[in-house]
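# Structural overview
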Amino acid sequence: MRKKIVAGNWKMNLDYAEGVSLFSEIVNMIRDEQKGTQVAVICAPYIHLNSLAKLGGTTVKIGAQNCHQNESGAFTGEISAKMIQSVGCEYVIIGHSERRQYFAESDALLLEKTNIALKNNLTPIFCIGETLDERNNGSYFDVIKSQLTHGVFALSAADFAKVVLAYEPVWAIGTGLTASSAQAQEVHAFIRNEIAVQYGAEVAENTSILYGGSCNPKNAAELFAQNDIDGGLIGGASLKSRDFADIVKTFNS
Ligand code: 13P
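Just so we're clear, the structure is a prediction, and the values are computed from it rather than from any experiment. Numbering of residues starts from 1 in every chain and runs along the sequence as written. Confidence filtering applies because this is a predicted model: local features only for residues at pLDDT of at least 70, side-chain atom pairs given and counted only at 80 or more, and all residues used for totals across whole chains, interfaces and linings. The side-chain figures draw on all heavy atoms in the structure; neither hydrogens nor water molecules are used.

### Focus on the overall build of the protein chain
Put simply, the test is: A run of DSSP states H or I qualifies as a helix once it reaches four residues; a run of E qualifies as a strand once it reaches two. Both are numbered from the N-terminal end. Here, residues are in contact when the closest pair of their heavy atoms is within 4.5 Å. Note on areas: Shrake-Rupley, 1.4 Å probe, and residue coverage restricted to the protein chains presented here.
Tallying secondary structure elements over the protein chain gives 12 helices and eight strands in all. Overall size of the protein chain, expressed as C-alpha extent along the three principal axes, is 50 × 45 × 35 Å. Considering only contacts within the protein chain whose residues lie at least 6 apart along the sequence, 72% involve residues at least 24 apart. Accessible surface computed for the protein chain: about 11,000 Å², of which carbon and sulfur atoms make up 51%.

### Here's the deal with the site of the ligand
Note the following rule: One heavy atom within 4 Å of a molecule or strand makes the whole residue count as near it. Identification of polar contacts relies on pairs of N or O atoms within 3.5 Å, with a donor-acceptor requirement for protein atoms, meaning one able to donate a hydrogen and the other able to accept it, and with residues adjacent in sequence counted only if both atoms are side-chain atoms.
In the vicinity of the ligand, the contacting residues are N9, K11, H96, E168, A172, I173, G174, G213, S214, L233, G235 and G236. Between K11 and the ligand, the recorded distance is 2.8 Å, taken from a side-chain N or O atom to an oxygen atom. Residue E168 places a side-chain N or O atom 2.9 Å away from an oxygen atom belonging to the ligand. Protein chains bury 94% of the 310 Å² of accessible surface belonging to the ligand in isolation.

### Remarks on the nonpolar core
Test applied: The criterion is simple. A nonpolar core is a set of buried Ala, Val, Leu, Ile, Met, Phe, Trp, Tyr and Cys residues joined through side-chain atoms within 4.5 Å. Exposed residues in this analysis have more than 50% of their type's maximum accessible area, buried residues have under 20%, and partly exposed residues fall in between, with area computed by a 1.4 Å probe over protein chains only.
Judged by nonpolar contacts, the single largest core of 65 residues is most densely connected at V152, F160, L165, I191, I195, Y211 and F224. Top contributing element to this core by residue count: helix α9 (residues 181-199), with six residues. The contacts of V152, once residues within four sequence positions are left out, are T114, F126, Q147, F160, V163, L165 and Y199. Among the nonpolar cores identified, the runner-up in size contains 13 residues, and I5, V39, I93 and L210 belong to it.

### Concerning the pairing of strand β8 (residues 231-234)
We apply this condition: In this scheme, strands are said to pair when DSSP sees at least two bridges between them.
Alternating positions in β8 separate into two faces, G231 and L233 on one and G232 and I234 on the other, with burial throughout. Strand direction decides the pairing type here: strand β7 (residues 209-212) and β8, joined by two bridges, are parallel. Its bridge partner lying in β8, Y211 is registered against G232.

Right under this line is the structure:
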């Protein structure tokens, strides 16, 4: 059975004290709330990871928001997957649209990052999604298929089975414009079908596909009730303990 995951992405927000404080509130609010297949994750800036991994215990898992594609070396300012894993992180976001857009991260680079994350026992949360233009001109299925093909479909079936996908339509990120549950389900079903074509029905059935983009406590229940939506990647609402906790609890209602 595939995992249900609610992952917060704090992006470049919160100083150290603010991060510890928010995280402690979240842990207290959702302790004892998760069921067997359900996981809560916070993907924090690098400086928080070591402390949060110790505070999270079994209640909240920790993820990074990026990693370098090399194991180690002369890459001033970068952080490796091995370093991230060494402080107790279990997840890493790869290919967020903000990385693709502002840091020109290509599908080929993202495949390298996914490989190094897997090698270091991190679960990649691999992001895909179309821009507003691509949605409006009807090319979004082609865009998503291309991101999958050049990003993660080069992995072996055994490696792909360890990847979590996140569908984040760029037009819904930070805009308050959520994809409707029908729009999101349509794309999630398409993604699962593409996985089935590539790796077979069993791998497709077991892959968690999260939705991201203006997800909040009001719309989470309807989104998560869709057949192919297995949770969310939450930006703004993960910066408010009550909102994030309420989204996590959505799975229990
Ligand atoms: P918002 O929830 O703020 O729209 O951000 C979504 C996102 O980018 C999560 O990775």
